[in-house]
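Coordinates in review
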Amino acid sequence: MFPRAFSIEGMRILDLCKKVMTLSDEVKITVSDQGWYVRAVDPAHVSMIEMSIPRTDFNTFEKCDMVFGIDVEKIAAYLKSLGTLNKESVKMTIDQQTNRMVFSSQVGERSINLVDTIGMTECKIPKLYLDAGITLDSAKSVMAWIKTAEQITDHVRLSLELPYCLTLQAYGEVDSAKFNLEGYDKTGRPAIALYPLDYFKGIIKALGNEKIRIEFSSDFPVKIQSLVTQTVFLLAPRIESE
């Protein structure tokens with residue numbers, strides 16, 4: 001297969017790497033005429049990500065059908081080193097014959113080995129019809145509460161109470177905390193579910209200032225979707241014993 005070249009703002013690839021790094025240090029990228037597509041699951045099969053970068057977002061895009069694996073930590077480290085140049089277009093050449101991905105920018109080149117995709121877990125994103133939902137202008141609005149919750153427990157309880165009061169709750173042996181989410185487009189019916197706080201924090205942190213939609217049902221996965229980038233996270237619930 002001949003080398004394929006793509007160019008895009010470096011921050012877009014860094015953003016992809018940061019989000020995947022919440023689950024894994026390696027990922028398989030599928031390229032089609034529509035763009036780049038990523039789907040991955042963490043080793044414990046607790047959380048999943050589905051993300052795409054549409055072809056129209058690239059400055060240069062060679063039409064092809066290909067699959068290749070990358071080390072997201074190595075690529076993220078390189079792109080971070082570019083500093084403000086990340087806002088400029090970065091050229092990427094994928095050569096599967098030499099098993100390398102070459103980045104070219106104003107300051108030089110960086111060659112990184114591709115990762116073997118054999119053995120990477122194939123995951124299917126389930127179709128979920130979830131009861132409760134809310135839209136938030138920024139994922140960061142949740143982070144202050146998460147820092148408080150970490151001092152209390154290792155899980156987060158999401159609950160929706162009528163009339164549409166969506167809350168985050170943390171309960172420990174002695175302390176507790178409750179945070180009413182300030183958002184809009186609140187929908188659904190009463191629901192309550194527990195989720196691992198470390199995974200929840202990683203997802204929220206990765207989404208940063210992006211506008212998000214959170215949806216869940218009692219004892220079902222929570223769906224956290226970016227309304228800015230084409231990114232969806234799913235996080236499995238922690239089932240409470242009776």
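Read on for an overview of the structure.

Thresholds applied
Residues numbered from 1 in each chain as written. Predicted model: local features only at pLDDT ≥ 70, side-chain atom pairs only at ≥ 80, totals over all residues. Heavy atoms only, no water. Axes fitted to C-alpha atoms, helices over the stretch in contact; angles between N-to-C directions. Helix = DSSP H or I, 4+ residues; strand = E, 2+ residues; numbered from the N terminus. Parallel < 35°, antiparallel > 145°, perpendicular 65-115°, else oblique. Left-handed = near helix turned anticlockwise from the far one by under 90°. Contact = heavy atoms within 4.5 Å. Nonpolar A, V, L, I, M, F, W, Y, C, P; charged D, E, K, R; others polar. Pairing = 2+ DSSP bridges. Core = buried A, V, L, I, M, F, W, Y, C linked by side-chain atoms within 4.5 Å. Buried < 20%, exposed > 50% of the residue type's maximum accessible area, 1.4 Å probe, protein only. Patch = residues over 30% accessible without salt bridge, like charges linked within 9 Å, V, L, I, M, F, W, Y side chains within 5 Å. Areas by Shrake-Rupley, 256 points an atom, 1.4 Å probe, with all protein chains shown as cover. Salt bridge = Lys/Arg side-chain N within 4 Å of Asp/Glu carboxyl O. Lys, Arg positive; Asp, Glu negative; His and termini not counted. Charge placed at Lys NZ, Arg CZ, Asp CG, Glu CD.

Quick look at the packing of helix 3 (residues 143–150) against helix 4 (residues 197–207) now. At a closest axis distance of 11 Å, the pairing of helix 3 and helix 4 adopts a crossing angle of 160°. When the interaxial angle is binned, helix 3 and helix 4 end up roughly antiparallel. When the axes of helix 3 and helix 4 are compared, the crossing they make is left-handed. Residues Met143, Ile146, Ala149 and Glu150 of helix 3 pack against Leu197, Phe200, Lys201, Ile204 and Lys205 of helix 4. Of the residues belonging to the contact of helix 3 with helix 4, the class tally is six nonpolar, no polar and three charged.

Here five strands make up an open sheet; going across it, the order is 5-1-7-8-9 and the pairing antiparallel. Bordering the open sheet on either side are strand 5 (60–61) and strand 9 (108–113), each of which pairs with just one other strand. One ladder, built from six bridges, connects strand 8 (residues 100–105) with strand 9; its direction is antiparallel. Looking at strand 9, one finds that Ser105 is bridged to Gly108. Contacts from helix 1 (residues 10–20) reach strand 1 (4–9) and strand 7 (89–95) within the one sheet, and its direction differs from that of strand 1 by about 95°.

This part takes up unusual backbone geometry. In the Ramachandran plot, Asn99 falls in the positive-phi region, its phi being about 60° despite a non-glycine side chain. Notably, Asp185 is not glycine yet its phi reads approximately 55°, a positive angle. Assignment of secondary structure puts Asp185 in strand 14 (residues 184–187).

Turning next to the nonpolar core. Counting residues in each nonpolar core, the largest one holds 68 residues, and the members touching the most others are Trp36, Phe68, Met101, Phe216 and Ile224. Beyond its immediate chain neighbours, meaning those up to four positions away, Phe68 contacts Val27, Lys28, Ile29, Val31, Trp36, Ile94, Gln96, Met101, Leu114 and Thr117.

The next thing to look at is the environment of Met21. Mapped onto the elements, Met21 comes out in the loop between helix 1 and strand 2 (26–32). Sequence separation of Met21 and Asp137 is 116 residues, and the distance between their C-alpha atoms is 23 Å.

Let's shift gears to a positive patch on the surface. Together, Lys18, Lys80, Lys147 and Lys205 make up a region of like positive charge exposed at the surface. By the element assignment, Lys18 lies in helix 1.

A few words now on the pattern of salt bridges. All chains considered together, the criterion is met by eight salt bridges. Taking the shortest distance from any N to any O, the salt bridge between Glu210 and Lys19 comes out at 2.8 Å. One end of the pair, Glu210, is in the loop between helix 4 and strand 16 (212–216); the other, Lys19, is in helix 1, with 191 residues separating them in the sequence. By the burial criterion, Glu210 is buried, and Lys19 matches it.

Attention shifts here to the pairing of strand 13 (residues 176–180). Of the pairings in the sheet, the one linking strand 12 (residues 165–171) to strand 13 comprises five bridges and is antiparallel in character. Counted as the bridge partner of Thr167 is Asn180 from strand 13.

For the rest of this paragraph, the subject is the sheet that holds strand 4 (residues 47–54). Strands sit in the order 6-2-3-4-18-17-16-10-14 across an open sheet of nine strands; the sheet is antiparallel. Every other strand in the sheet has two partners, leaving strand 6 (66–71) and strand 14 as the edge strands with one partner each. Neighbour-to-neighbour, the strand axes of this sheet turn through a mean angle of 15°, independent of strand direction. Bridge count between strand 16 and strand 17 (residues 222–226): four bridges; the pairing is antiparallel. Considered in strand 17, the bridge of Ile214 is made with Ile224. Contacting strand 2, strand 3 (35–41), strand 4 and strand 18 (230–235), helix 1 runs over the sheet at an angle of about 170° to strand 4.

Turning next to the packing of helix 1 against helix 2 (residues 72–81). Across the interface, helix 1 lies against helix 2 with an axial gap of 9 Å and an inter-helix angle of 140°. It follows from the interaxial angle that helix 1 and helix 2 lie oblique. Taken as a pair, helix 1 and helix 2 cross one another with a handedness that is left-handed. Together, Gly10, Ile13, Leu14, Cys17, Lys18 and Val20 of helix 1 and Val72, Ile75, Ala76, Leu79 and Lys80 of helix 2 make up the contact between the two elements. Among the residues making up the contact of helix 1 with helix 2, the classes are represented as eight nonpolar, one polar and two charged.

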